[in-house]
Amino acid sequence: MEKYDVVILGGGNAGMGVTVATRAAGLSVAMIETHDLGGTCPNRGCTPKKVLVAAAHALHEIERADRHGIAIDKPRLDWPALIEREKDIIRDIPSRLSGLMARRGVDIIVGEATFIGSNAISVNGRELEARNIVIATGSKPRPLPIPGADHMTISDDVLSDPVLPSAVVFVGGGVIAFELGHVYARAGVKVTILEALPHLLATFDADAVARIRDESERIGICVRTLAWVRRIDKADGRLRVTFVADCAECVVEADRVVNCTGRLANVEGLDLGAGVIVHREGRIEIDDHLRSRSNPDVYVCGDAVWNSPQLSPVATYEGGIVGRNIVDGAKHRPDYGQIPACLYTVPALASVGLTEVKAKEQGLAVKIHVNDMQGWLSARTYVETVAWSKIIVEETTDRIIGAHIVGHAGEELIHIFALAMKHSITASQLSETVYGFPTFASDIRNMM
C-alpha cells in the first residue's frame with residue numbers, strides 16, 4: 001500500500017486550495033481526479049459561461065446604442081463562433097493547472113477513487129493510505145424523476161453545443177437558468193423558465209430578485225412560478241413539456257429542455273460506508289472545522305459540502321481552511337458572512353451579507369436604504385435599464401450587514417461592501433470616503 005500524508009479526492013478549486021498549506025508544510029500529497037484538472041468551474045461552469053455572458057452584455061450595449069446617438073443595423077450573433085471562442089479560452093486550463101500542481105509537488109492520479117478503509121483509498125488497482133483524506137469531489141446535476149427526463153440536457157451541453165436552438169425551456173428557476181436564459185434571449189431564442197416553488201432565486205433578496213424578473217420579462221423571457229413539470233415528450237422533432245400551473249395543465253414546446261433543478265454532492269461512487277463516513281443521502285455530516293463527524297481523519301470542502309454556498313471562491317476558501325487544519329490541527333472555521341454572490345444576468349445581481357428577511361428574522365434593529373437609481377445621472381449616462389440597491393445597516397453599531405445591487409456595476413461594487421463588512425468599516429465611514437467622480441462607485445455615498 002502506497003503511503004501519503006494527504007490524499008485529495010477531486011482536482012477542482014477546493015482540492016487545489018488544500019495543496020497550498022499542505023505542500024508548504026512539506027506533507028506528501030496525492031490528488032485523484034476523474035476528468036480534467038480544475039473541475040467544473042473553469043472547464044464546464046463559471047469561466048466558459050462568463051464568455052457567453054460577455055457576448056450577451058455586448059448585445060445589451062448595442063440594444064441601447066441609439067440612445068447614445070449611434071445608428072447601427074440589427075446585430076447578428078454567430079453562435080458557433082462564440083462557442084469556439086469559449087472553447088479556445090478554456091482549452092489550455094487543465095494543462096496549465098497540471099503544470100502548477102507539478103511545480104507544487106502534488107502527485108496527480110487520473111481515475112475513480114473509492115474508500116476501502118477509514119484511511120485508505122483504491123484507484124486504478126492501486127491502494128493508497130493517508131493520514132488525512134479530503135473529499136473535494138464537487139457536485140452533479142440533481143436528477144428529475146419524471147417521465148421523459150432523459151430528454152433533458154444540462155448546462156455542460158449548453159456550453160459546448162454549436163447549434164443555437166430556436167426555443168429553450170429551463171426546468172428550475174435558479175442561477176444557471178437565469179444566467180443562460182439571458183444569454184439565449186439576447187441571441188434571439190424563445191426562453192421559458194419553469195419553477196415549482198413560489199419564489200425564484202431563494203438565496204437572494206426578494207426585492208432584488210423582483211427587479212431581475214422584471215428585466216428578464218422585458219427581454220422576452222417567460223417566467224412561471226408554481227409550475228410543476230409532469231413529463232417531457234418527443235413530438236414532431238421537438239420536445240413537448242407538460243406542466244401544471246394555476247390549477248391547469250399547460251404545454252410548451254422547445255428544441256432543448258435544460259435541467260436546472262439544482263446540484264447534489266458528487267459522492268455517490270465513493271463508498272462512504274467503507275470510509276466510516278456517516279451521511280444522509282449523500283449529505284456528509286461535518287463539524288465546524290469541515291471534518292467528518294464519524295471519521296475525523298476525513299475532511300470535506302467545496303460543493304461536496306451540502307450546506308455551504310456552491311460558489312467557486314467558496315470552494316477555494318474552504319480548501320484553504322482544510323489545508324490549514326491538516327497542518328495546524330482542527331482550529332480553523334469558515335465564515336461565510338462576508339462572501340459576495342453574483343448572478344451574472346445582464347444586468348447582474350450582486351449580494352453580500354444578510355437579506356432584509358434574514359436580518360429581521362434575527363431580531364436585528366436595522367435601517368433599510370432602498371434606491372431606484374435609474375433617475376440618477378450615472379444611470380442615465382449609461383442608459384441603464386435597471387439600477388437598484390438595498391443596503392442594510394444595523395442601527396446600534398452603524399455596521400453594514402447586507403448589500404444588494406442590481407445593475408449599476410453591482411458585480412464590482414459589491415466587493416467594496418464586502419471589504420467594509422469584513423474589516424468593520426461603518427456605513428458612515430464608507431459614505432465619508434472620497435471617490436473618483438463621476439463613477440458608479442461614487443454613488444455608494446448616496447446609497448446609504
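Provided above is the structure to which this section pertains.
Criteria and cut-off values
Residues numbered from 1 in each chain as written. Predicted model: local features only at pLDDT ≥ 70, side-chain atom pairs only at ≥ 80, totals over all residues. Heavy atoms only, no water. Helix = DSSP H or I, 4+ residues; strand = E, 2+ residues; numbered from the N terminus. Buried < 20%, exposed > 50% of the residue type's maximum accessible area, 1.4 Å probe, protein only. Phe/Tyr/Trp six-rings, centres within 6.5 Å; stacked < 30°, edge-to-face > 60°. Lys NZ or Arg CZ within 6 Å of the ring centre and 35° of its normal.

Undergrad: I tried to follow unusual backbone geometry on my own but got confused; where do I start?
TA: Most peptide bonds adopt trans geometry, and most residues besides glycine take a negative phi value. Of note, the bond from Val346 into Pro347 is cis; its omega dihedral lies within 30 degrees of zero at 0°. With respect to the helices and strands, the residue Pro347 is situated in the loop between β19 (341–343) and β20 (349–353). Of note, the amide linkage connecting Phe437 to Pro438 takes the cis form, showing an omega dihedral of 0°. Checked against the element boundaries, Pro438 lands in the loop between α13 (427–432) and α14 (444–447). Of note in this structure, Ser424 is not a glycine but carries a positive phi near 55°. Its place among the elements puts Ser424 in the loop between α12 (410–422) and α13. A relative accessible area of 53% places Ser424 in the exposed class.

Undergrad: Got a minute to help me understand the packing of aromatic side chains in this structure?
TA: Any pair of aromatic rings gets described here by the distance separating the centres and the angle formed by the planes. Under the criterion given, the structure shown has 4 aromatic pairs. Judged by centre distance (6.2 Å) and plane angle (40°), the rings of Phe170 and Tyr184 are tilted. In this pair, Phe170 is assigned in strand β8 (residues 167–171) and Tyr184 in helix α7 (residues 175–186), connecting sequence segments 14 residues apart. For Tyr184, a relative accessible area of 0% corresponds to the buried category. An aromatic cluster is built from Trp79, Phe170 and Tyr184, whose rings are joined through pairwise contacts. A cation sits over an aromatic face here: Lys50 above Tyr344, 4.2 Å from the ring centre.

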